[in-house]
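# What the coordinates show
Listed here are the chains, written in short residue letters.
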Amino acid sequence: MPLVDVKGLCIDYKLQNGYLRAVDNVSFQIDEGEVLGLAGESGSGKSTIAHSILKILPRSTRVSGSILIDGTEVVQMDDRTARAYRWKVVSLVPQGSMNAFDPVITIGSQIVESIRIHSKVDKADAWRRTRELFSLVGIPEGRAKGYPHEFSGGMKQRAAIAMALSLNPKLVILDEPTTALDVVVQRQVLGLLAKLRRELGISFLFVTHDLSVLSEIATKVAVMYAGRLAEISNSEAMFASPKHPYSRALIHAIPTLSGDLSLVKSIPGVPANVLSLPSGCKFHPRCPSAFDRCMKEEPRLLQMDDGSSVACHLFDRGRKDGRE
Amino acid sequence: MSGRGLFAKQVVTAVDGVSISVKKGETLGLVGQSGSGKTTLARTVVKLARPQSGSVLFKGKNVFDQRRNEAKAYRRQVQMIFQDPYESLNPRATVERAIEEPLVIHRLAGNSSSRKDRTLNLIRMVGLNPEAVSKKYPHELSGGERQRTSIARALAVTPELLLADEPVSMLDVSIRIGIIDLLKELKRELDLTVVFITHDLGVARYFCDRIAVMFKGKLIEVAATEELLRHPSDPYTRQLLESVPDPAKSAREKFSSIQKG
């Protein structure tokens, strides 16, 4: 049984006059110890998915479909159960978490507080646990009494990861965890995540707009566009032979240090605006391979022979039924 | 500096003994981690910061002892584009006004109708549609449109040297290269010299003729781009290069090495 099993997830935000579909029919699984990278441009729905798993979407949001975490259905979960589930089963390292610490309280006290809110342990045990977490993420234990301004960006990010690990969750959701860091520190944080995965068997959902980071850490990559899955493949397949024209374009939009620069190309047009989506395939106005059908009909997610899934009509030729 | 207390002065040396020259027509990349002094160096070149010692020569003349009229000309000849176009554009000025303003200040286009023509041309030059954007305010634009507007504003006064400080790092990955391609094209057309500040070595490789690496305020290494990437001579440069995620290498190979590391 996979740790995370998301099926047919649809999420609508409430607007003044009706609802706005931010996530449309998304399905994926995360196995134990796996790192799923969820990639996409701003507005693609990736953070919305992360928030739906944590049950921290605004109350007015409409969610349908199923999110099974470790066998428990999350979509219909009531608030009380959700409070117990959050942090213990799934935790979050939020975007900009480096700036999420209260500047006038020591980092250690903030972690102790979060431990004591979620579990019945005394202060001494919580401090013991906090020091343990600090050494786990590679911060000297003595720094637990330090204030946020005494920490560098990379250390604050490590502390945010320590906090997310405090109650031994099975899944940690990371929302753009390395975006604000420079490459040297980013490399260290990625190394830490790989170590945690190896030593503790934790699964990660890694949300980012930067595919190149995922090539370093993800075992599986899901590419989102306009609230829909464009492609989901294991990491090697995604970077060696991306199938969806959008995944291909995204990979070619990143100049690398060893790749062929003549292949580097920007994606024409602007990221899709969910308030006014085009007909058919949502990527067709920016797609170099679009044909008539793409304007009329929305592609379904097709299962490919190598285990990946692609939502693109190019892969539907001569196929009678595209399985979902 | 001595003295302790809340308002005592403390001196931090942000840029330390850096000597570098930029040739006319080249694109020089300035790379390094945050806090390495690359932005301070650029701010000194545009005279937003004053060095304690040393000099900045532009066409052989120290920019810190210019006469008044030379200083004004210099402020036209050298332009800077900033990282966050949201913060560098006046939120209450339309695209048209933002681009027209430097033309007025430097008295570059005589009457208002020729100024207007020139503004519309600049908007077109950066790949925007004047009818769609000229009356819009920054908050009505996408990130890419905003950055194109600040490029048009910088180029309005026909500068010779353009300093671009992380101009694409706030933008979505998919449109970054579009902005860099625009800068490349404008550089060629307008015969510009560009100093491009970035922490993204991939983008630096794509755009720059030479790369200068900074670390803790010091200049570590300068070399032609491919030479620097292939044969870095300094250990810090090597560490920097090894830290860059590279999807072009096999994901599996990278993954196993990180697992061991």
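Treat the numbers as computed from the prediction; the structure is a model and nothing was measured.

When helices and strands are tallied, chain B shows 12 helices and 8 strands. Relative to its length of 261 residues, chain B is compact, with a C-alpha radius of gyration of 20 Å against a globular reference of 18 Å. Along the longest, intermediate and shortest principal axes, the C-alpha atoms of chain B span 65 × 50 × 40 Å. Residues classed as buried in chain B amount to 38% of the 261 residues present. Taking the intrachain contacts of chain B between residues at least 6 apart in sequence as the baseline, contacts between residues at least 24 apart amount to 66%.

Turning to the nonpolar core, a few remarks are in order. Core analysis: the biggest nonpolar cluster contains 146 residues, and Ile-173, Leu-205 and Phe-206 of chain A together with Phe-196 of chain B have the highest contact counts within it. Considering each element in turn, this core owes the most residues, 8 residues, to helix 5 (residues 153-165) of chain A. Residue contributions to this core reach at least three from each of two domains, namely domain 1 (4-89 + 169-315) and domain 2 (101-168) of chain A. If near-sequence neighbours (up to four positions away) are discounted, Phe-196 of chain B is found in contact with Thr-27, Leu-28, Gly-29, Leu-30, Ala-164, Ala-204, Phe-207 and Cys-208 of chain B.

Next up on the list: the sheet that holds strand 4 (residues 62-69) of chain A. Residues and elements named next belong to chain A. The 4 strands lie next to each other as 2-1-4-5, forming an open sheet whose pairing is antiparallel. Looking along the sheet, the strands with just one partner apiece sit at the ends: strand 2 (18-30) and strand 5 (72-73). One ladder, built from 9 bridges, connects strand 1 (residues 4-15) with strand 2; its direction is antiparallel. By the bridge assignment, Ile-11 is partnered in strand 2 with Val-23.

Before going further, it helps to spend a moment on the domain arrangement of chain A. All names here are of chain A. Domain annotation of chain A identifies domain 1 (4-89 + 169-315) and domain 2 (101-168). A C-alpha centroid distance of 29 Å is found between domain 1 and domain 2. Contact residues are listed per partner, giving 11 residues for domain 1 and 12 residues for domain 2. Looking at the side of domain 1 that touches domain 2, the element that brings in the most residues is helix 6 (residues 183-200), giving 4 residues. Split by residue class, the side of domain 1 that touches domain 2 holds 9 nonpolar, 1 polar and 1 charged.

Glancing now at the pairing of strand 7 (residues 210-215) of chain B. Residues and elements named next belong to chain B. Burial runs high along strand 7: 5 of the 6 residues are buried. As judged from the 4 bridges shared by strand 1 (residues 27-31) and strand 7, these two strands associate in the parallel manner. When the sheet's bridge partners are listed, Leu-28 is paired in strand 7 with Arg-210. Relative to strand 8 (residues 218-224), strand 7 is paired through 6 bridges, and the arrangement is antiparallel. Bridge pairing in strand 8 links Ile-211 to Ala-223. Between strand 7 and strand 8, which pair antiparallel in sequence order, lie 2 residues; one of them, Lys-216, sits at a positive phi of approximately 50°.

Listed as interface residues are 37 residues of chain A and, on the opposing side, 36 residues of chain B. Secondary-structure elements contributing two or more residues to the side of chain A that touches chain B are helix 6, helix 7 (211-217), helix 8 (235-240) and helix 9 (245-252) of chain A. Sort the elements by how many residues they give to the side of chain A that touches chain B and helix 6 of chain A lands first, with 8 residues. Among the residues forming the side of chain A that touches chain B, the class breakdown is 18 nonpolar, 11 polar and 8 charged.

What follows deals with the sheet that holds strand 3 (residues 35-39) of chain A. Residue and element names in this part refer to chain A. Spatially, the 8 strands line up as an open sheet ordered 6-7-8-3-9-10-12-11, and their pairing is mixed. With partners counted over all chains shown, the strands left at the sheet margins are strand 6 (90-93) and strand 11 (302-303), one partner each. Direction of pairing for strand 7 (residues 171-175) relative to strand 8 (residues 203-208): parallel, over a ladder of 5 bridges. In the sheet register, Leu-171 faces strand 8, and the bridge partner there is Ser-203.

What follows concerns the environment of Tyr-19 of chain A. Residues and elements named next belong to chain A. By the secondary structure assignment, Tyr-19 is in strand 2. As for Tyr-19 and Ser-60, which are separated by 41 residues in sequence, their C-alpha atoms are 9.7 Å apart. Not counting residues within four places of it along the chain, the set of residues in contact with Tyr-19 comprises Asp-12, Tyr-13, Lys-14 and Arg-62.

Residue and element names in this part refer to chain A. Taking 1.5 Å as the rise per residue, helix 5 with 13 residues should run 18 Å; its terminal C-alpha atoms sit 19 Å apart, in good agreement. When helix 5 is considered as a whole, its buried residues turn out to be Gly-154, Met-155, Lys-156, Gln-157, Arg-158, Ala-159, Ala-160, Ile-161, Ala-162, Met-163, Ala-164 and Leu-165. Its buried side turned inward, helix 5 meets strand 6, helix 3 (107-118), helix 4 (123-136), strand 7 and helix 6.

Next up on the list: the confidence of the model for chain B. For chain B, the mean per-residue pLDDT works out to 88, and 91% of the residues sit at or above 70. For this predicted complex, the interface confidence reaches an ipTM of 0.82, while the overall pTM sits at 0.87.

Moving on: the environment of Gly-201 of chain A. All names here are of chain A. Here Gly-201 lies in the loop between helix 6 and strand 8. Here Gly-201 falls in the exposed class, since 11 other C-beta atoms lie within 10 Å of it. Placed 70 residues apart in sequence, Gly-201 and Arg-131 show a C-alpha to C-alpha distance of 21 Å. Among all residues touching Gly-201, those that are not within four sequence positions of it are Glu-32 and Gly-33.

What counts, and at which threshold
- Note that residues are indexed from 1 along each chain, following the sequence as it is written.
- To read the labels, note that chains go from A and ligands from 1, taken in the order they are written.
- Selection of residues for local features in this predicted model requires a pLDDT of at least 70, selection of side-chain atom pairs for listing and counting requires 80 or more, and totals for whole chains, interfaces and linings are taken over all residues.
- By the criteria applied, helices consist of DSSP H or I runs no shorter than four residues and strands consist of E runs no shorter than two, each listed in order from the N terminus.
- For a compact globule the rule gives 2.2 Å times the number of residues to the power 0.38, and the radius of gyration it is set against comes from C-alpha atoms.
- Our exposure labels follow a C-beta count within 10 Å of each residue's own C-beta, placed from the backbone: buried means 20 or more other C-beta atoms, exposed means 12 or fewer, and partly exposed covers the counts in between.
- Any pair of residues counts as being in contact when their C-beta atoms, constructed from backbone geometry, are within 7 Å of one another.
- Each nonpolar core consists of buried Ala, Val, Leu, Ile, Met, Phe, Trp, Tyr and Cys residues. Their C-beta atoms, within 7 Å, join them into a set.
- Domain boundaries shown here were taken from an automatic or database domain assignment.
- Strands were regarded as paired on the criterion that DSSP finds at least two bridges between them.
- Residue polarity is assigned by list, with Asp, Glu, Lys and Arg as charged and Ala, Val, Leu, Ile, Met, Phe, Trp, Tyr, Cys and Pro as nonpolar; anything else, Gly included, falls into the polar class.
- To estimate the expected span of a helix, count its residues, drop one, and scale the result by 1.5 Å.
- Per residue, pLDDT captures the predictor's confidence, and it can take any value from 0 to 100.

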